[in-house]
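Here is how the chains run, residue by residue.
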Amino acid sequence: MADMDKKIIRAYLWQEVIRLGFCPSGEKEQKKWVVQYLNSLKNFLELHSLPDPPGSENPITFSYPIPIDLDIECSITKTDKFKLTFLYLPPSGKPALMWDHDVDGAFFTFPVQDFLSHHNQKKTVVKEFSDEDIKVVLDALIFHPAAHQHIGSPIDEHEIRIGGGIVNAFQFLFHLRYQFCPDEEKRKAEEKRLVRLFTDAVGKNSEVPINQLMAQPIVS
Amino acid sequence: MKRNRFGINLDQGIPLSSDNDFQLLYVSCFKDTSDQLHEWMEQGNNSLMLGGQIGSGKSTLIHRAFNNNDISLKPDVAIHFDRETLNKDAGDFWGVALAEFIKAALVNHIELSFSNLPEELGGYRPDDWNSLLNGLRPGGFSMEEFKIKKELRGKILDNRDYIRKTAVEIGMRLQERLKRPFFIFASGVDKFNQSSPAFLELEEVLAALATFKTLYEVNIIHLFPKPGTIFHSMERLFIPTAQQETVIDILTKRMGVYSQPIRKQLEVLAQWSGGNPRQAVRLLSHFETARKNRKRNAAENLAFAIHETAGDFFAYSPKPSQELMEFTKKTAKMKTSLLFLPGDRDTAVRALYGNWILIKRPIDAASWEAAVNPLVKTAFSAEINPEEPEMKMLSEYTSLYGISKEGLDFNIMDDKTGEKKDGDRLIWEYFASVIERPLHANLTEVLEILSGALLSKDRPDRVIIAFRDPSVLEAARAYLFAKANSFQYQNYRHITIKGEKGTQPLTALEQFLSEETNIYSIEFSGKWEDEHLEALDRQRDRFIDFQMLWWIPLRDLKDYLPHWIQLRQLFEIFILEDELLGSLSVEQVEADLSFFNDLVEAEQSAEANVVHNLKIVLAYLNKNRAVVDGRHG
């Protein structure tokens, strides 16, 4: 077969990265994912303390603060049904600004997966993809989503990009972890770590263990 | 201690010690003092006292001075007088010093055949100095080793003059071998109140060390020894309070990249620190806790931080005299003669040793520039002065954002007139109350403040939880143990230590701390004796690496805290409300239990610990709810 189009390769990788890294199956795995995610935030963002643990059964509900006077509140019913609220807490104590990212998978979205299945090229992709392909895909999913919004005033942090159109709860949360990291070196180290992790996972067709996904990058 | 590279680094105000600590968090506060210390380390031949108030940054300054690559500038021997359980008489203190001398002699291959001390003290072979060293300073803890150590120290006490001569001879031989002054660091002298019996016992050992080039780490009150003692003519260096800008720098570094949004609030906190670095860090730590809980606005967060810090450091403390505090406030001076006059000495020592008054700098031999600690001003004046700099800064916030009953949990209406109190009066009452009557906290409020440390293994903090009703203890403990395991597997151990006459509570504590675990929970029972309480106070720094929960009956805590001026610096203090049902609901605990029950995969796991402990809490709540329902039914 002739060299496969890079775009096709990356389209397959897009789906594979989400499937292997951000689709914990069943309620138990999803709870584990959230607990380990929250646990990872303290070290990743270098916060004062750990967030409060999630406390109710279903939907999985939790919140955590970012020390730029921002609070994140999240409620996950299913992988593609969740609500994430950004709450800006001005010094006056009044919750003046609130913004929801609401996803409901019951509504129609473009069925990328079905088209790719028809192509039936996954085996070829696994043979031909490169680190660079994974990097480009992770850029789009985590590091620099093509459609994104910046938090402007009153929090002027241009490096924070909130991805638009992300319908997977776990991918969305994980991309926030990266986006709220204010340290450039750590971001770079995290990019390298995730490229290695997903290159390996796609090559072996094995799910990324939660603890490995949530591990801390090593900054020299 | 694990440190963050770019983010927030808060703790209970422990000294900086590692290279990483200094690289990330150090701010040069006392350049003159630091330069003089370096000069003495390089060129000095005689002893030096380095003194400052509690939390002023002595240990950090000393660690910084020793933290260099020039081995000749590091002490040959560091003697930690504050880290021993048995520290009540000269036998104990000589035991600690002798062990360090012997260790240095063995490392430097010093000829010790001039003495048969191993045989004379311990019945070892006359040249078996290693066994004597192990006997004096065993590596671990066992009752057998403890007994040997105690016996050796008893013999040392009986032969203290002989021991002094032997130790000095070892020191002289070391000096000869090193071909330079034998440099000793006498650490932890600052933890001894000058008028305590233990200090009188320690004094003879300290005097003997002055034969060599010894650096004494002392409190400011030690800088004024009695005439006629060897310390009276000794060279001394003083650590003053830090400048406002310097304190802001310290707090800014502690907040890392997250400092910018709260820059203005850091200025207020720095003002309330009075220039004491540890007080500043504690204020920031409470401020961050308040921010995280997002129940309050910026003014209330600041007021909460000030209130909690004052409670940690001063609640139930015996106060210095009103006259002294008023004099200091009025004149901004403290006379050194007060430390010598029989009528004034006690209150002056109390004011300085307890940080009620903070010393800014010496003016001359007879007086210092001084200020009343901002945290305790309300305890000495009936009216708050809105023109005081720290009040002025805080008032800007309270007038801008207001303070509410919900935010600070206090009475916003005047009981007599029914009128709404003004902001300054509310704040004054709020701060004044904490010294005499600290606010009680329910269990979830305790957890909110503790969560920074308790939920994570990275930060070993210590906390005292006072209680009235012992029947809530098991459930309260179980709740905290459960929460501590929410994210990480954390082992915990609990012990009840009895402290009545004839008991050996400190030995029991030492044995307990020699066991491996993540959280050490200790319930104090019986009435502990003053001698034991004071020994605990001196051992403050020994507890730095331990995550500890101390459970103490409230009636006893009021008697214990006056003895714990040092200890409370590295603890946070809570008074637990009697009623757990008020803050924990059966439904909430059941929901938590249901969440974690699903996740249990192994018996030795965080999730299993959560479930085990939540079941204890749930059983307590169900039982008590049934009792309450029965009463109302």
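Note that the coordinates shown come from a computational prediction; the quantities given were computed from them, not determined experimentally.

Rules and cut-offs
Residues numbered from 1 in each chain as written. Chains lettered and ligands numbered in written order. Predicted model: local features only at pLDDT ≥ 70, side-chain atom pairs only at ≥ 80, totals over all residues. Helix = DSSP H or I, 4+ residues; strand = E, 2+ residues; numbered from the N terminus. Rg over C-alpha atoms; globule rule 2.2 N^0.38 Å. Buried ≥ 20, exposed ≤ 12 C-beta atoms within 10 Å, placed from the backbone. Contact = placed C-beta atoms within 7 Å. Pairing = 2+ DSSP bridges. Axes fitted to C-alpha atoms, helices over the stretch in contact; angles between N-to-C directions. Domains from an automatic or database assignment. Nonpolar A, V, L, I, M, F, W, Y, C, P; charged D, E, K, R; others polar. Parallel < 35°, antiparallel > 145°, perpendicular 65-115°, else oblique. Left-handed = near helix turned anticlockwise from the far one by under 90°.

A.B. asks: Please give an account of the overall build of chain B that cites residues and values.
C.D. replies: Broken down by element type, chain B carries 25 helices and 13 strands. Against the 2.2 N^0.38 benchmark of 26 Å for 633 residues, chain B shows a C-alpha radius of gyration of 26 Å, consistent with a compact globule. Dimensions of chain B, computed from C-alpha atoms along their principal axes, come out at roughly 85 × 60 × 45 Å. Within the span of chain B, comprising 633 residues, buried residues form 48% of the whole. Once local pairs closer than 6 in sequence are excluded, the contacts in chain B between residues at least 24 apart make up 76%.

A.B. asks: So, the overall build of chain A: which residues are in play, and what are the values?
C.D. replies: Across its full length, chain A holds 8 helices and 6 strands. Listed N to C, the secondary structure of chain A is α-α-β-β-β-β-α-α-α-β-β-α-α-α in terms of helices and strands. With the C-alpha coordinates aligned to their principal axes, the bounding extent of chain A is approximately 65 × 45 × 30 Å.

A.B. asks: Describe in detail helix H11 (residues 263–273) of chain B, supporting the description with residues and values.
C.D. replies: Every α-helix carries 3.6 residues per turn, so stepping three or four residues along brings you back to the same face. Where burial is concerned, most of H11(B) is hidden: 8 out of the 11 residues are buried. Along H11(B), the residues classified as buried are B:Gln265, B:Leu266, B:Val268, B:Leu269, B:Ala270, B:Gln271, B:Trp272 and B:Ser273.

A.B. asks: Give me the sheet that holds strand E1 (residues 60–66) of chain A: which residues, what numbers.
C.D. replies: All names here are of chain A. Reading across from one edge, E1-E2-E3-E4 is the order of the 4 strands in this open sheet, with antiparallel pairing throughout. One side of each edge strand has no neighbouring strand; the edge strands of this open sheet are E1 and strand E4 (97–104). Averaged over neighbouring strand pairs, the angle between their axes works out to 10 degrees when direction is ignored. Pairing of E1 with strand E2 (residues 70–78), which is carried by 7 bridges, proceeds in the antiparallel orientation. Paired with Thr61 across the two strands is Ser75, which belongs to E2. Each of E1 and E2 touches helix H2 (residues 26–45); the most contacted strand, E1, lies at about 5 degrees to it.

A.B. asks: I'd love a proper account of the domain arrangement of chain B, names of residues and values included.
C.D. replies: All names here are of chain B. Looking at the assigned domains, one finds that chain B contains domain 1 (31–238), domain 2 (242–437) and domain 3 (443–628). Once you take the C-alpha centre of each, domain 1 and domain 3 turn out to be 36 Å apart. Taken residue by residue, the interface counts 15 residues in domain 1 and 16 residues in domain 3. Residues belonging to the side of domain 1 that touches domain 3 are distributed by class as follows: 5 nonpolar, 6 polar and 4 charged.

A.B. asks: Break down the packing of H11(B) against helix H13 (residues 298–314) of chain B for me, citing the residues and quoting the values.
C.D. replies: All names here are of chain B. Relative to each other, H11 and H13 sit at 25 degrees, their axes nearing to 11 Å. With respect to H13, the element H11 is oriented roughly parallel. Where H11 crosses over H13, the handedness of that crossing is right-handed. Of H13, the residues touching H11 (which contributes Gln265, Val268, Leu269 and Trp272) are Ala298, Leu302, Ala305 and Ile306. Split into classes, the residues belonging to the contact of H11 with H13 amount to 7 nonpolar, 1 polar and no charged.

A.B. asks: Run through the environment of B:Lys498, naming residues and quoting values.
C.D. replies: Residue and element names in this part refer to chain B. Within the secondary structure, Lys498 is located in strand E10 (residues 492–498). For the pair Lys498 and Lys527, spaced 29 residues apart in the sequence, the C-alpha separation amounts to 7.8 Å. Dropping the residues within four chain positions of it, Lys498 is found in contact with Thr503, Pro505, Ser525 and Gly526.

A.B. asks: Pulling in residues and values, what's your account of helix H3 (residues 58–66) of chain B?
C.D. replies: Turning to H3(B), its buried residues number three or more, namely B:Lys58, B:Thr60, B:Leu61, B:Ile62 and B:Arg64. Those residues of H3(B) that are buried lie in contact with helix H1 (19–25), helix H2 (31–43), strand E1 (48–52) and strand E4 (213–219) of chain B.

A.B. asks: How would you summarise the interface of chain A and chain B if you had to cite specific residues and measurements?
C.D. replies: At the junction of the two partners, chain A supplies 30 residues and chain B supplies 32 residues. The greatest single-element share of the side of chain A that touches chain B, amounting to 8 residues, is contributed by H2(A).

A.B. asks: Give me the lowdown on the sheet that holds strand E8 (residues 367–372) of chain B, citing residues and values where you can.
C.D. replies: Residue and element names in this part refer to chain B. Strand order in the open sheet formed by 3 strands is E6-E8-E7, with antiparallel pairing between adjacent strands. The open sheet has two edge strands, strand E6 (333–335) and strand E7 (357–364), and neither has a second partner. Neighbouring strand axes in the sheet, compared pairwise and without regard to direction, differ in orientation by 35 degrees on average. Strands in contact with helix H14 (residues 322–331) are E6, E7 and E8; relative to E8, the strand with the most contacts, it is inclined by about 105 degrees.

A.B. asks: Hey, could you go over the pairing of strand E2 (residues 77–80) of chain B for me, with residue numbers and the actual values?
C.D. replies: Residue and element names in this part refer to chain B. Burial along E2 is one-sided: Val77 and Ile79 are buried, and none of Ala78 and His80, which face the opposite way, are. By the bridge criterion, 4 bridges tie E2 to strand E3 (residues 183–187) in an arrangement that is parallel. Across the sheet, His80 pairs through a bridge with Ser187, a residue of E3.

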